[in-house]
Amino acid sequence: MLSTPHERMNFMTLKLNEKFLNGFVAEHEMTSMEAQVRTAHETVLARSGAGSDFLGWVDLPVDYDKEEFARIKAAAARIRKMCDILVVIGIGGSYLGARAAIEFVHSPLYNTLAKDTPAIYFTGNSISPSALSDLLKICEGKDICVNIISKSGTTTEPAVTFRIFRELLEKKYGKDGARERIFATTDRARGTLKEFSDKVGYETFVVPDDVGGRYSVLTAVGLLPIACAGIDIDAMMQGAADARELYSEKDPAKNACLRYAAIRNILYRKGKVTEILAAYEPAAQMFCEWWKQLYGESEGKDNKGLFPASVIFSTDLHSLGQYIQEGLRNIFETVLDFTSSADSVKIPNDPENIDGLNFLSGSELHDVNRTAMLGTLFAHTDGGVPNVVLEIADRSAYSFGHVVYFFELACAVSGYLLGVNPFNQPGVEAYKKNMFALLGKPGYEEMRAALQARMQD
């Protein structure tokens, strides 16, 4: 049982509701998994498994660089004062977590809402000339700061984008002025970006050696943009720290994080090979994107792994709802249920009742939204789709930190249960090598010739 004040508090932050798994996962199946789950959990905490060099995130919420944390807050304060727009340049884990946090805590409309913090745009995550041109137009006539995030500084998408924005800032403010407006989050001691930043005098923050990109949202990678948006990063780290304490419980029966990892592996072994993360708040859409990278990149290897997909309901009920209800029965859903809302919107009465909805007059929209969720849960489970429900107290910074840690730990445990290394990504390198070869990068001449021959076949 949960006994300490922190345990009781955090149980209310995130609660695992297994009601909609009845008929899909039996308790004896959970019991039979306990030994495996305990071993996987112990392997993570002891840092004794495959990929153990990348387990810095486990203790990060309590064992982080306090001096750098203070510098992050100070830099964010300066950025908020001197710019209208912060341009964050990064790809994958270098941007998804920060963008997810800003939309989760604030809104997907953050950039257009009235606020005393800068608009924050994320770029360097594609090679689209149209997307970059649009952002450059938005930046015209605005004061700009840039946060370039790259461990090496040589990843094509962010490196090319940084070239363009560095030139823009140097032309607009001069090299000395640009130096004060460019912040680099990169390797602690080596690499192209670190060396260049030290040479020209950019303030730098660290991508820890022992934290992979998809686990890095609670490092400087995510915290600097998040702080620039005026979000309380102390509360966010506290949420993660409390989650770390709570989910250190070794008994899988008492640990919601371990039960979630066990459930998804039980369903996978029954042929449920696609997991759909569903939320009823558009503010969670980028969180779903962060989750898809975390699980897809961690588990998808050795010809194994659940395919991570996502939907935002009720919007996607009008597009994918038919498939989920009656398509292939190889799916299950994990539902993010935000049990409270900071916003109150009541449905007005219509004297003409032209839409026939006066029975909803005076109802809170949040309550109607959750009722739609309940109706969907019943429909989908009746249609043969298991549903895991994660009840989340709110969309606060504290809850974001807590939920991030929950999913990170569950992913690591689940990966070990699956029998893969959850912390490498060898397959990601394949497209990079081909792209470098085809673009004519020195050292790839032989590969380029082979690829060109294949194109002509």
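Residues numbered from 1 in each chain as written. Predicted model: local features only at pLDDT ≥ 70, side-chain atom pairs only at ≥ 80, totals over all residues. Heavy atoms only, no water.

Enquirer: An account of the overall build of the protein is needed here, citing residue identities and associated values.
Expert: The secondary structure content of the protein amounts to 16 helices and 10 strands. Radius of gyration (C-alpha) of the protein: 23 Å, near the 23 Å computed for a compact globule of 457 residues. In the protein, which comprises 457 residues, the proportion classed as buried is 49%. Across the protein, every contact between residues at least 6 apart in sequence was considered, and the portion connecting residues at least 24 apart equals 78%. As displayed, the protein has an accessible area near 20,700 Å², and 53% of this comes from carbon and sulfur atoms. Between the centroid of the 48 positive side chains of the protein and the centroid of its 59 negative side chains there is a distance of 5 Å. (Helix = DSSP H or I, 4+ residues; strand = E, 2+ residues; numbered from the N terminus. Rg over C-alpha atoms; globule rule 2.2 N^0.38 Å. Buried < 20%, exposed > 50% of the residue type's maximum accessible area, 1.4 Å probe, protein only. Contact = heavy atoms within 4.5 Å. Areas by Shrake-Rupley, 256 points an atom, 1.4 Å probe, with all protein chains shown as cover. Lys, Arg positive; Asp, Glu negative; His and termini not counted. Charge placed at Lys NZ, Arg CZ, Asp CG, Glu CD.)

Enquirer: Give me the lowdown on helix H4 (residues 96-105), citing residues and values where you can.
Expert: Burial runs high along H4: eight of the 10 residues are buried. For H4, the full list of buried residues reads Leu96, Gly97, Ala98, Ala100, Ala101, Ile102, Glu103 and Phe104. The elements touched by buried residues of H4 are strand E3 (119-123), helix H8 (220-228), helix H9 (233-246), helix H11 (285-299), strand E9 (331-338) and helix H14 (397-418).

Enquirer: Mind laying out the nonpolar core, listing which residues take part and the relevant values?
Expert: Counting residues in hydrophobic clusters, the biggest one holds 99 residues, and the most contacted among them are Trp57, Phe287, Trp290 and Phe407. Here this core takes 14 residues from H14, the largest share from any one element. With residues near it in sequence (within four places) discarded, phenylalanine 407 still touches Tyr260, Leu277, Phe287, Trp290, Trp291, Leu294, Tyr295, Leu336 and Leu390. (Core = buried A, V, L, I, M, F, W, Y, C linked by side-chain atoms within 4.5 Å.)

Enquirer: Can you lay out the sheet that holds strand E6 (residues 203-206) for me, pointing to particular residues and giving the numbers?
Expert: Read across the open sheet, the five strands follow the order E3-E2-E4-E5-E6; overall the sheet is parallel. Two strands lie at the open edges of the sheet, namely E3 and E6, each paired on one side alone. Here the strands of the sheet are splayed against their neighbours by 20° on average, with no regard to which way each runs. Relative to E6, strand E5 (residues 182-186) is paired through four bridges, and the arrangement is parallel. Note on E6: the bridge partner recorded for alanine 184 is threonine 204. (Pairing = 2+ DSSP bridges. Axes fitted to C-alpha atoms, helices over the stretch in contact; angles between N-to-C directions.)

Enquirer: How would you sum up the side chain of threonine 13? Please name residues and give values.
Expert: Among the structural elements, threonine 13 can be located in helix H1 (residues 5-13). Beyond its immediate sequence surroundings of up to four residues, threonine 13 is in contact with Glu391, Ile392, Ala393, Tyr398, Ser399 and His402.

Enquirer: Quick rundown of unusual backbone geometry? Include the residues and the values.
Expert: Residue serine 314 follows phenylalanine 313 across a cis peptide bond; omega there is 5°. Along the polypeptide, serine 314 turns up in the loop between strand E8 (307-312) and helix H12 (321-326). Located in the positive-phi region is asparagine 303, a residue other than glycine, with phi close to 60°. Along the chain, the position of asparagine 303 falls in the loop between H11 and E8. The backbone phi angle of asparagine 353 is positive, close to 45°, even though this residue is not glycine. Structurally, asparagine 353 is set in the loop between E9 and helix H13 (365-382).

Nothing here speaks to function; it is all geometry.
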